[in-house]
Amino acid sequence: MKKEIWFGLSIMALVVVSAFVLLPPFAEMKNGHLGLLMLALVVVAIMLGFPTAFTLMGMGMIFAWIAYRSQNPSLAVDQTLDLMVQRTFSVMSNDVLISIPLFVFMGYLIERANLIEKLFKSMHLATARVPGSLAVATIITCAIFATATGIVGAVVTLMGLLALPAMLRAGYSVQLSAGAITAGGCLGILIPPSVMLIVYGATAGVSVVKLYAGAFFPGIMLATLYIVYVVIIAKLKPHLAPPMSAEERIVPLPPVTQEISNTFSDKVLPSLLGALKGKRNAATPTVEILKQLGIALLPLISVALLSGVIFFKITQPLPSEVVEGVVAMGGAIEDEPQEEESSNSSELQEPQAMGDLKSLPGAFEAPQALGGAVEAPAVAASTTAASSAAASAEEAAKPAEVADVGERQPAPTGFWIAMGVVAFAMFVFYAYFSFARLEIFKMLLGSFFPLAVMILAVLGTIVFGLATPTEAAAIGSLGGLLLAAAYRRLNFQVMKESVFLTAKTSAMVCWLFVGSSIFSAAFALLGGQELINTWVLSLDMTPVQFMILAQVVIFLLGWPLEWTEIIVIFMPIFIPLLPHFGIDPLFFGLLVALNLQTAFLSPPVAMAAFYLKGVSPPQVSLNQIFAGMMPFMAIQVFAIVLLYMFPAIGLWLPEVLYK
Amino acid sequence: MQNILLTIDKISTWVGQLFAWLIFSLTLMISWEVFSRYVLNHPHPWAFDVMSMMYGTLFMMAGAYTLSKNGHVRGDVLYGFFPPRLQAGLDLLLYLVFFIPGVVAMAWAGFHYAGDSWAIREYSNVTADGPPVYPFKTVIPIAGGLLLLQGLVEIVRCVICLQQGEWPSRIEDVEEVDVEKLKEMVNVKDSDIAKLDRYVVAGQGVQK
């Protein structure tokens, strides 16, 4: 107890003393040196534990007054007061920070919608065959939920309550379980929409839109690396993460589908269609079968709709340069994100999809008679039919314009190849689509897809420039309200709590901004910035050396300080140096975001570990949790190196979108 | 004494919570504006100004509320290890050195800043034909005053803590991570958690 205090106080004393020793004596001190002294003092003052916003405000005021007094003593007080109030007002009317309360509000609402339990269960079943499935499901759940809410503490606590017992019961090692939960819970800090990137954007003057576009793939990459690590561990050392037994994997079927799968086969599509027209379905009402069929066909319908939209876009007869950009994008997003994005349209199109059903079964009847193997062309046919139908409908809608503009562009070969791949993927999907999988799909529909759709919709509108981050955040909050209402969790109590928490969190972040903007103004007035600039330049470093130095400094600062403090106080010092080394502030921001995320997992200050300890069984020690976090921290460092080696991971998307 | 402190706490809380509802109206307003612009094709030029005014008022007025709930971020690496008396002593010192001068200066400067704005009936120049700005600027001295009042309460708390060796109580408020509530939300009981211990112990046995 006493030891820590003396250790801490001696570190502080060391910083102050070394500041005085390294700087010239008081009499010869210039303003710039005072600036450096101020920087050393503020680190000490923050470590003393006083609310940082007011430490910065008070210290900034004092040093601003000193700076002004050295120029003109008679005006110093007035100038200081002016500076303070102007800085405050500029934070109050900052058009970047305004999205912070909105995203925070959205996060609290989604957290209270209580999706996490369903999400975890459905993820667990969906990944049942993957080695280390529970840990994989944990990481995915954490990543999605943390992204949507952005509240590390709540996510780690909730997963500690849900996933930790499940993993321990399944015989997972404590370390691996704890590591998966803490590492996954911290992903929300990086994957947009995250508050950290807004704070960085506001401090560094980098467009938040670009930061979001840039952080998307590094975030996904990090989550993927975690999953890969867990799968490898589970494969190599099965005693740390034993696979699920067969009976645990069984999904109980509701009576309706149970009956159908008994009388027909286990494959959803053939047996449902068979049940629809056959005579053996006496026990089950047709409406029920149609409903199941509708759900089963949702992926197909959404894929068909999406390809229709893409087809229509790329064959748009208007300016040719637009066409090329869209083709590149279209080809790229074709494969993976489609599954997720398509659910976007599936949500909206549901009523229409029900209508479509009547025509679709007809299309399927012929191949049904021939057997499952011939389904592929049918899928392709219906897909293309849908796309051309959509296209021709649009064309018919505006005949006058078509006459002026001329013929549609022919769809490029790449599109047809991609279409073929998608059709084949759909075929494989339906070939393995059993009734158990249909149940899992339904569970995902109720937990995973709403969240994924919301995140992607918010991000998509920002990244594709349809709405500003502020607008998207507001719509996201509204979406959060609707989501909470849809899950019957929205009442006055929940609303009130979310509103009050939002006020407190935004006040915390924004007052910190008030303090730091006064502080950094004083720092600039004293000329501390120039002193640092000349010093760093005199070291004659290569860009790589500078980059490594900067990241190491930020990493070290991550121990005593919080990420908010590091960004608002130290980024203004690093950012002006970047042009000298030809480093893109956007790229730097992505590295910093990854780096600060590592700080969340670095013992002994990692908050995530303490949250998890708070809800774990007494026998789980803090050291076990820390030990579990270490491999994941190593993965993060690896991810930083990867991003540094291949900047395209982060910069590709912003470059494609905002040339 | 404790009554006075709690009364001021209540005032800060009440004001902060009142203005907290701005987030709700901000959400609705921006959503409506987006709808109006993209669907009805009818943007409102004043929307941008009103948005930032709502946001600015929201966080400024919540400053004292947050302080009263001890919600402003602290560098708590060491602070958490300090005994209460040392915490109180350091806090007291820094309240007097940083907080009081800083907030007094801000409120004072804000008072004149807003006064100038009232005198010329200033209108926003961010957009053409902008809304009046002077009520918004008035927020600075009001928020500063409230914060100062709450700061004085915190100073008294530090003194009480120095005398008694422990921190006086605060009014409870909604917490970001309320473990009990979260447990209730996902239906986990303490006894369930305790039962898990045997798995932990068993797991260790296997590894060794």
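Our structure is the block above this text.
All values reported here derive from a predicted model rather than from experimental measurement.

Q: What is the right way to read the side chain of Ser36 of chain B from this model?
A: Residues and elements named next belong to chain B. By the secondary structure assignment, Ser36 is in helix H2 (residues 22–38). A relative accessible area of 2% places Ser36 in the buried class. Among all residues touching Ser36, those that are not within four sequence positions of it are Asn41, His42, Pro43 and His44.

Q: What is the right way to read the environment of Leu28 of chain B from this model?
A: Tracing the backbone shows Leu28 of chain B in helix H2. Once the C-alpha coordinates of Leu28 of chain B and Phe99 of chain B are considered, the two residues, 71 residues apart in sequence, prove to be 36 Å apart.

Q: Would you explain helix H22 (residues 435–463) of chain A in this entry?
A: Within an α-helix, residues lying three or four positions from one another point in the same direction, as the helix has 3.6 residues per turn. Residues and elements named next belong to chain A. Of all the bends in H22, the largest measures some 45° and sits at Leu445. Of all 29 residues that make up H22, 21 are buried, and the element is covered over most of its length. In the segment just after H22, Gly465 is the residue with positive phi, at about 75°.

Q: Sorry if this is basic, but what is going on with the packing of helix H7 (residues 133–149) of chain A against H22 of chain A here?
A: Pairs of packed helices are described in terms of their axes, by the angle between the two and the distance that separates them. Residues and elements named next belong to chain A. Following both chains from N to C, one finds H7 and H22 inclined at 45°, their axes separated by 10 Å at the closest point. Here H22 runs oblique to H7, going by the angle between their axes. The way H7 lies across H22 gives a crossing that is left-handed. Contacts from Ile144, Phe145, Thr147 and Ala148 of H7 reach H22 at Phe448, Leu451 and Ile455. Across the contact of H7 with H22, the residue classes break down as six nonpolar, one polar and no charged.

Q: Hey, could you run me through the packing of helix H4 (residues 76–92) of chain A against helix H6 (residues 134–164) of chain B in this one?
A: Their axes nearest at 11 Å, the elements H4 of chain A and H6 of chain B cross at an angle of 120°. Between H4 of chain A and H6 of chain B, the angle is such that the two are oblique. Seen from above, H4 of chain A lies across H6 of chain B with right-handed handedness. Contacts from Val85, Phe89 and Met92 of chain A in H4 of chain A reach Phe136, Lys137, Val139 and Ile140 of chain B in H6 of chain B.

Q: Please explain the pattern of salt bridges as it appears in this structure.
A: In a structure, side chains of opposite charge can pair up when their charged atoms sit close to one another. Counted by the stated rule, this structure contains eight salt bridges over all chains. One salt bridge in this structure joins Glu33 of chain B and Arg37 of chain B, with 3.5 Å as the shortest N-O distance. Here Glu33 of chain B pairs with Arg37 of chain B, and both are found in helix H2, just four residues apart, close to one helical turn. Since its relative accessible area comes to 2%, Glu33 of chain B is described here as buried. Among the charged side chains, a salt-bridge network with shared partners connects Glu111, Arg112 and Glu497 of chain A.

Q: It is not clear to me how a nonpolar patch on the surface should be interpreted in this structure. Could you clarify?
A: A surface patch of nonpolar side chains, about 420 Å² in accessible area, is lined by Val544, Ile548, Val552, Leu556 and Trp559 of chain A. Topologically, Val552 of chain A is positioned in helix H26 (residues 543–557).

Q: For this particular structure, what's the right way to read the interface of chain A and chain B?
A: A common measure of how large an interface is: the accessible area buried when the components associate. Listed as interface residues are 98 residues of chain A and, on the opposing side, 83 residues of chain B. Summing both sides of the interface, chain A and chain B together bury roughly 7900 Å²; the carbon and sulfur share of this comes to 77%. Three residues, Phe50, Met92 and Trp511 of chain A, lead the burial of chain A against chain B; their summed loss comes to 10% of the area buried on that side. One can count one salt bridge joining chain A with chain B. With a shortest N-O distance of 2.6 Å, Glu471 of chain A and Arg37 of chain B are connected by a salt bridge. Across the contact surface, chain A and chain B share five residue pairs in polar contact (both at pLDDT 80 or more). The element that contributes the greatest number of residues to the side of chain A that touches chain B is helix H24 (residues 492–526) of chain A, accounting for 18 residues. Of the residues that constitute the side of chain A that touches chain B, the class distribution is 63 nonpolar, 22 polar and 13 charged.

Calculation notes
- What you see as residue numbers is a count from 1 along each chain, following the sequence as written.
- Think of it this way: whatever chain is written first is A, whatever ligand is written first is 1, and the rest follow in order.
- Only residues with pLDDT of at least 70 get local features here, since the model is predicted, and only at 80 or more are side-chain atom pairs given and counted; chain-wide, interface and lining totals rely on the full set of residues.
- Excluded from the side-chain calculations are hydrogens and water; all other atoms, namely the structure's heavy atoms, are used.
- Each helix corresponds to a stretch of at least 4 residues labelled H or I by DSSP, and each strand to a stretch of at least 2 residues labelled E; elements are numbered beginning at the N terminus.
- Any residue under 20% of the maximum accessible area for its type is buried, any over 50% is exposed, and the rest in between are partly exposed; the area is computed with a 1.4 Å probe on protein chains only.
- Here a residue-residue contact requires only that any non-hydrogen atoms of the pair lie within 4.5 Å.
- One axis fitted to the seven residues ending at a residue, another fitted to the seven starting there: the angle between these axes is the bend at that residue.
- Structural elements are reduced to axes, namely lines fitted to C-alpha atoms, with helices fitted over the stretch in contact, and the angle between N-to-C directions of any two is expressed from 0 to 180 degrees.
- In what follows, roughly perpendicular refers to angles from 65 to 115 degrees, roughly parallel to angles under 35, roughly antiparallel to angles over 145, and oblique to any angle outside these ranges.
- Handedness of a crossing follows from how the near helix is turned relative to the far one, being left-handed for an anticlockwise turn of less than a right angle and right-handed for a clockwise one.
- Three classes are used, and their members are as follows: Ala, Val, Leu, Ile, Met, Phe, Trp, Tyr, Cys and Pro are nonpolar, Asp, Glu, Lys and Arg are charged, and the others, Gly among them, are polar.
- A pairing counts as a salt bridge when a side-chain nitrogen of Lys or Arg comes within 4 Å of a carboxyl oxygen of Asp or Glu.
- Patch membership needs two things, relative accessible area over 30% and no salt bridge, and members are linked within 9 Å if like-charged or within 5 Å if nonpolar (Val, Leu, Ile, Met, Phe, Trp, Tyr).
- Surface exposure here means Shrake-Rupley accessible area, sampled with a 1.4 Å probe, where a residue is shielded only by the protein chains that are shown.
- Buried area: the accessible area, evaluated with a 1.4 Å probe, that two parts lose upon being put together, summed over both parts.
- Counting of polar contacts relies on pairs of N or O atoms within 3.5 Å, with two restrictions inside protein: one atom must be capable of donating a hydrogen and the other of accepting it, and residues adjacent in sequence are counted only when both atoms are side-chain atoms.

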